[in-house]
Amino acid sequence: AKQLIERVIYAEGAENGLEFTIVRPFNWIGPRMDFIPGVDGPSEGVPRVLACFSNGLLRGEPLKLVDGGQSQRTFLYIKDAIEAVLLMI
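Residues numbered from 1 in each chain as written. Predicted model: local features only at pLDDT ≥ 70, side-chain atom pairs only at ≥ 80, totals over all residues. Heavy atoms only, no water.

Moving on, we come to the packing of aromatic side chains. Applying the stated rule across the entire model yields one aromatic pair. Measuring from ring centre to ring centre gives 6.5 Å for Tyr-10 and Phe-20, while their planes differ by 85°; the resulting arrangement is edge-to-face. In this pair, Tyr-10 is assigned in helix α1 (residues 2-16) and Phe-20 in the loop between α1 and β1 (27-29), connecting sequence segments 10 residues apart. On the basis of relative accessibility, which here comes to 56%, the residue Tyr-10 falls in the exposed class. (Phe/Tyr/Trp six-rings, centres within 6.5 Å; stacked < 30°, edge-to-face > 60°. Helix = DSSP H or I, 4+ residues; strand = E, 2+ residues; numbered from the N terminus. Buried < 20%, exposed > 50% of the residue type's maximum accessible area, 1.4 Å probe, protein only.)

A separate point is α1. The terminal C-alpha atoms of α1 lie 21 Å apart, and with 15 residues this matches the ideal 21 Å at 1.5 Å per residue to within 8%. Of the residues flanking the end of α1, it is Gly-17, one or two places downstream, whose phi is positive at about 75°. (Expected span 1.5 Å × (residues − 1).)

What follows deals with helix α2 (residues 49-59). For α2, the set of buried residues is Val-49, Ala-51, Asn-55 and Gly-56. On an axial view of α2, the arc spanned by its buried residues comes to 165°, and they lie on one face. Looking at α2, the residues exposed on the side facing more than 90 degrees away from the buried face are Leu-57 and Leu-58. The inward-facing, buried residues of α2 contact β1 and β2 (75-77). Phi turns positive one or two residues past the end of α2, at Gly-60, with a value near 70°. (Arc of directions from axis to C-beta. Contact = heavy atoms within 4.5 Å.)

As structure tokens, this is what we get:
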């Protein structure tokens with residue numbers, strides 16, 4: 001869905017001169033941004049990566065790794081992310 005809307009925006013720019021900047025955020029972290037199911041949020045739903053790791057650690061369960069642990073993730077604190085987006089705007 002993200003890539004599709006980016007292509008639509010690009011096409012609008014190519015066809016009609018729409019000026020645009022696409023910002024695709026990655027993993028932002030900060031207070032109240034994640035939940036551990038049944039601990040500090042609803043028991044249903046899928047938490048994001050840090051809460052998934054925390055949930056596994058707290059419950060003594062194996063950590064679920066993408067691609068056998070070969071994938072890497074980058075995290076950015078929310079205040080830094082907001083500052084970066086404001087600079088882009």
